[in-house]
Number of protein chains: 2
Amino acid sequence: MTLDENWFTEAVPGEGVAFSLRIKQRLHAERSPYQRIEVFETAHWGRLMVIDGCVMLTERDNFLYHEMMVHPALFTHAEPRSVLIIGGGDCGTLQQVLHHPNVERVIQVEIDERVTRIAERFFPELTAMNGDPRCELRFEDGVELVRRTADVCVDVVIIDSTDPVGPARNLFGGEFLRQVHRVLQPGGILAQQSESPLLHRQSILEPLHRSLAQAGFSPPATLSFPVPSYPSGWWSCTLAGKACDVREFRHAAAAARAFPTRYYNEEVHRGALALPEFCRGVLGA
Amino acid sequence: MTLDENWFTEAVPGEGVAFSLRIKQRLHAERSPYQRIEVFETAHWGRLMVIDGCVMLTERDNFLYHEMMVHPALFTHAEPRSVLIIGGGDCGTLQQVLHHPNVERVIQVEIDERVTRIAERFFPELTAMNGDPRCELRFEDGVELVRRTADVCVDVVIIDSTDPVGPARNLFGGEFLRQVHRVLQPGGILAQQSESPLLHRQSILEPLHRSLAQAGFSPPATLSFPVPSYPSGWWSCTLAGKACDVREFRHAAAAARAFPTRYYNEEVHRGALALPEFCRGVLGA
């Protein structure tokens with residue numbers, strides 16, 4: 001069949017694959033200083049945010065991504081008190097971090113304030129906890145902020161970025177990862193969104209693992225999980241520790257968590273650590 | 001963006017979601033007595049088989065589906081010697097079954113012989129083991145064949161069907177599942193393709209679990225895994241045992257398997273058993 005103008009489509013250049021959602025109407029469109037941001041009302045997936053033509057999130061499936069960007073990292077760290085989020089302007093990741101009672105301080109540094117303002121307006125369920133006194137929103141370049149940050153002062157860094165093109169390119173680079181390693185406390189954890197295991201194993205995941213090793217991290221682990229609205233429907237988050245094993249986590253605490261989740265639980269966490277056979281060897285054990 | 005005529009698109013009615021692959025050319029199209037079958041050469045996903053407008057398989061990602069339809073079931077059974085495949089005309093499932101050295105006999109019953117003939121011509125890598133003397137291909141109605149089959153004579157039944165509409169509808173029904181239970185030996189295993197956890201939990205998975213319980217099976221387990229070319233990119237296989245626990249499997253044998261896989265391994269098997277939080281309770285532990 002052919003899709004008419006009532007569909008939003010994201011095609012992946014070079015992979016010959018596209019994902020489409022039927023839309024009722026476009027609610028918003030603007031060009032910020034950094035990128036083009038659109039919001040649609042879809043027929044069956046709730047609201048949809050698009051940046052530079054790529055799906056950022058839908059109301060229906062963003063829980064998969066946001067839960068898996070946060071809870072594995074925070075249940076891997078022994079006692080996460082200070083968290084730094086780079087990117088994450090829609091605040092869905094921030095909200096999941098704030099569910100953790102041992103977190104005392106979260107700084108989110110998003111380069112494009114418009115993403116957050118649009119989220120506040122069109123995705124209020126994601127920004128509902130932004131008034132929590134533990135959190136601070138900054139709108140500036142995360143690479144610069146990390147460079148200015150003191151040594152060994154953060155427990156968990158979460159890189160919740162767009163694809164590694166445009167403003168997010170530097171967030172996958174070796175120099176930035178060395179800076180992240182420097183600001184982490186011993187036992188600290190980095191969680192990096194790391195694209196599709198099927199589409200980006202060679203182009204992104206393998207170079208990322210090499211860069212993490214060169215930056216001084218202990219052997220990383222890539223956790224995979226479904227995100228239907230992202231290319232291939234299969235996504236990943238890579239954890240790397242500063243002198244700690246990211247394949248172990250606080251299993252009992254994860255099982256006893258006092259906040260609601262829709263995808264994450266202690267068995268899902270363990271299961272996400274299982275590497276598909278085609279990734280074994282090239283991405284570690 | 002809008003996709004031109006160089007893309008094949010499968011849209012899901014009622015879900016407002018579509019998946020597309022860029023195609024180079026259509027290699028084949030016919031209407032069999034049962035359905036319309038097409039084969040395309042895609043730009044980046046190898047060859048594509050389509051039945052009644054729905055993706056059956058691509059060369060690039062069918063390994064995910066076929067490995068997960070077979071190896072969890074066969075490593076759950078204590079010693080699988082006889083296997084019955086219902087559907088599975090492309091022979092990708094059959095091939096994975098034949099990798100297991102303890103299998104002595106496989107009968108595949110596919111209602112539409114044309115699917116197999118087209119697979120032989122356009123997907124020869126899937127049919128390469130069809131000459132194995134342990135296997136027998138029958139082209140008839142699987143529901144009828146099971147009804148005629150003697151009691152307690154099969155170790156594993158794999159239902160590798162199209163969606164539960166058209167010719168496959170009866171394969172999800174209670175009467176058929178009771179017949180499958182009847183023909184299984186004690187300790188026997190049923191593996192049923194069971195659609196998308198995100199899209200079909202209420203419409204298919206929950207009724208299937210109820211039907212399996214009513215048919216006399218021990219508590220079933222739904223394993224989930226990625227299949228990018230199927231709706232939502234997230235798929236499942238439901239295992240149900242005749243007086244046996246399908247959450248346990250021969251872990252050491254799975255780790256020591258002597259055949260190649262690309263997705264399946266013993267950790268992936270364990271991980272696929274982890275139920276997302278939104279399925280806990282409604283789909284068992």
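Residues numbered from 1 in each chain as written. Chains lettered and ligands numbered in written order. Predicted model: local features only at pLDDT ≥ 70, side-chain atom pairs only at ≥ 80, totals over all residues. Heavy atoms only, no water.

Just checking my understanding: could you explain the overall build of chain A for this structure?
A count of helices and strands for chain A gives 9 helices and 12 strands. Taken over the C-alpha trace, chain A has a radius of gyration of 18 Å; the compact-globule value for 285 residues is 19 Å, and the two agree within 12%. Considered along the principal axes of its C-alpha atoms, chain A spans approximately 55 × 45 × 35 Å. Across the 285 residues in chain A, those meeting the buried criterion constitute 63%. A separation threshold of at least 6 residues defines the contact pool for chain A, and within that pool the share at least 24 residues apart is 65%. In the form shown here, chain A has an accessible surface area of approximately 10300 Å², with 49% of it arising from carbon and sulfur atoms. Taken as two groups, the 28 positive and 36 negative side-chain charges of chain A have centres that lie 1 Å from each other. (Helix = DSSP H or I, 4+ residues; strand = E, 2+ residues; numbered from the N terminus. Rg over C-alpha atoms; globule rule 2.2 N^0.38 Å. Buried < 20%, exposed > 50% of the residue type's maximum accessible area, 1.4 Å probe, protein only. Contact = heavy atoms within 4.5 Å. Areas by Shrake-Rupley, 256 points an atom, 1.4 Å probe, with all protein chains shown as cover. Lys, Arg positive; Asp, Glu negative; His and termini not counted. Charge placed at Lys NZ, Arg CZ, Asp CG, Glu CD.)

What's the story with the pairing of strand E11 (residues 221–226) of chain B in this structure? I'm lost.
The two faces of a sheet get side chains in turn, since along a regular strand they alternate between them. All names here are of chain B. The buried fraction of E11 is high, at 6 of 6 residues. Note: E11 against strand E12 (residues 234–241), 6 bridges, orientation antiparallel. In the sheet register, Thr222 faces E12, and the bridge partner there is Thr238. (Pairing = 2+ DSSP bridges.)

How should I be thinking about the interface of chain B and chain A in this particular structure?
One frequently used descriptor of interface size is the decrease in accessible area upon assembly of the parts. Counting residues at the interface gives 45 residues for chain B and 45 residues for chain A. Buried area between chain B and chain A, summed over both chains or domains, comes out near 3700 Å², and the portion from carbon and sulfur atoms is 57%. Counting the surface chain B buries against chain A, the share from its top three residues, Gly16, Leu198 and Glu277 of chain B, is 13%. Linking chain B with chain A are 10 salt bridges, by the criterion used here. Between Arg257 of chain B and Glu277 of chain A there is a salt bridge, with its nearest N and O atoms 3.1 Å apart. Counting every contact that joins chain B to chain A gives 28 residue pairs in polar contact (both at pLDDT 80 or more). Secondary-structure elements contributing two or more residues to the side of chain B that touches chain A are strand E1 (7–12), strand E2 (17–31), helix H1 (62–76) and helix H9 (266–272) of chain B. (Buried area = accessible area lost by both parts, 1.4 Å probe. Salt bridge = Lys/Arg side-chain N within 4 Å of Asp/Glu carboxyl O. Polar contact = N/O pair within 3.5 Å; in protein donor to acceptor, adjacent residues only side chain to side chain.)

Would you take a moment to explain the relation of the copies chain B and chain A for this structure?
Two copies of the chain are present, and they differ by a rotation about an axis and a shift along that axis. Between the two copies, chain B and chain A, the superposition gives an RMSD of 0.0 Å; the rotation angle is 180° and the shift along the axis is 0.0 Å. Taken together, these values place the two copies in the relation of a two-fold axis. Identified as the residue of chain B closest to the rotation axis by C-alpha distance is Gly271 of chain B, at 1.7 Å. Counting the interface residues of chain B, we find that 100% of their copies in chain A are interface residues as well, pointing to one common contact surface. (Least-squares fit on C-alpha atoms with pLDDT ≥ 70 in both.)

What am I meant to see in the layout of surface pockets here?
Over the atoms, a rolling probe the size of a water molecule traces out where space has been left empty. All names here are of chain A. Quantified by volume, the largest pocket comes out at close to 460 Å³. Contributions of two or more residues to the lining of the largest pocket are made by strand E4 (47–51), strand E5 (54–58), strand E6 (82–87) and helix H5 (142–148). Of the residues forming the lining of the largest pocket, the biggest block, 3 residues, is contributed by E5. A per-class count over the lining of the largest pocket returns 17 nonpolar, 9 polar and 7 charged. Of the domains in this structure, domain 1 (2–58) and domain 2 (62–273) are the two that each give at least three residues to the lining of the largest pocket. (1 Å grid on protein atoms, 1.4 Å probe; cavity = no way out; pocket = protein on both sides within 12 Å on 5 of 7 lines; lining within 4 Å. Points joined across faces, edges and corners; volume = space filled by probe spheres on them. Nonpolar A, V, L, I, M, F, W, Y, C, P; charged D, E, K, R; others polar. Domains from an automatic or database assignment.)

I tried to follow the sheet that holds strand E6 (residues 82–87) of chain B on my own but got confused; where do I start?
Across a sheet, strands are paired by hydrogen bonds formed along the backbone, either parallel or antiparallel in direction. Residue and element names in this part refer to chain B. Within the open sheet, the 7 strands sit side by side as E8-E7-E6-E9-E10-E12-E11. Their pairing is mixed. Both outer strands of the open sheet, strand E8 (135–138) and E11, are each paired with one neighbouring strand and no more. Geometrically, the sheet is characterised by an average inter-axis angle of 15° between neighbouring strands, direction not taken into account. With respect to the sheet, helix H7 (residues 201–214) is in contact with strand E10 (184–193), E11 and E12, its orientation differing from that of E12 by roughly 10°. (Axes fitted to C-alpha atoms, helices over the stretch in contact; angles between N-to-C directions.)

Help me understand helix H6 (residues 174–183) of chain A, please; the structure alone is not making it clear to me.
Helical geometry: 3.6 residues make up each α-helical turn, so side chains three or four residues apart lie on a common side. The complete set of buried residues in H6 of chain A reads Phe176, Leu177, Gln179, Val180, His181 and Val183 of chain A. The inward-facing, buried residues of H6 of chain A contact E6, H5, strand E9 (154–160), strand E10 (184–193) and helix H7 (201–214) of chain A.

Explanation requested: the pattern of salt bridges in the structure shown.
Any two side chains of opposite charge can pair if their charged atoms end up close together. What the rule picks out here adds up to 42 salt bridges over all chains. In this structure, Glu38 of chain A and Arg26 of chain A form a salt bridge, with 3.1 Å as the shortest nitrogen-oxygen distance. Pair noted here: Glu38 of chain A is in strand E3 (residues 36–42) and Arg26 of chain A is in strand E2 (residues 17–31), with a separation of 12 residues, a long-range link. Here the salt bridges share partners, and the residues they tie into one network are Arg247, Glu277 and Arg280 of chain A together with Arg257, Glu266 and Glu267 of chain B.

What's the story with the confidence of the model for chain A in this structure? I'm lost.
Looking at chain A, pLDDT values average 95 and 99% of them are 70 or higher. Reported confidence for the predicted complex is 0.95 by ipTM and 0.97 by pTM. (pLDDT = per-residue confidence, 0-100.)

What's the story with the side chain of His209 of chain A in this structure? I'm lost.
All names here are of chain A. The residue His209 is located in helix H7 in this model. Judged by relative accessible area, which is 8%, His209 ranks as buried. Filtering out sequence-adjacent residues up to four positions away, His209 remains in contact with Pro220, Thr222, Thr238 and Leu283.

Even after reading the chapter, I still don't get the pairing of E2 of chain B, so can you show me in this structure?
The sheet contact formed by E2 of chain A and E2 of chain B spans 5 bridges and is antiparallel. Note that in E2 of chain B the partner of Ser20 of chain A across the bridge is Ala18 of chain B. Between E1 of chain B and the antiparallel strand that follows it, E2 of chain B, lie 4 residues; Gly14 of chain B among them carries a positive phi value of about 85°. As paired strands, E2 of chain B and strand E3 (residues 36–42) of chain B are joined by 7 bridges and run antiparallel to one another. Residue Ala29 of chain B lies in a different strand from E3 of chain B, and its bridge partner there is Glu38 of chain B. Between E2 of chain B and E3 of chain B, which pair antiparallel and follow one another directly, the connecting turn spans 4 residues.

Is there a simple way to explain the domain arrangement of chain A in this structure?
All names here are of chain A. Taken domain by domain, chain A comprises domain 1 (2–58) and domain 2 (62–273). Facing 22 residues of domain 1, the contacting portion of domain 2 comprises 21 residues. The interface formed by domain 1 and domain 2 holds 1 salt bridge in total. Between Arg114 and Glu30 there is a salt bridge whose closest N-O contact spans 2.7 Å. Summed over the shared surface of domain 1 and domain 2, the result is 6 residue pairs in polar contact (both at pLDDT 80 or more). The set of elements that each furnish at least two residues to the side of domain 1 that touches domain 2 consists of strand E1 (7–12), E2, E3, E4 and E5. Looking at the side of domain 1 that touches domain 2 element by element, the count peaks at 5 residues for E5. For the side of domain 1 that touches domain 2, the residue count by class is 14 nonpolar, 4 polar and 4 charged.

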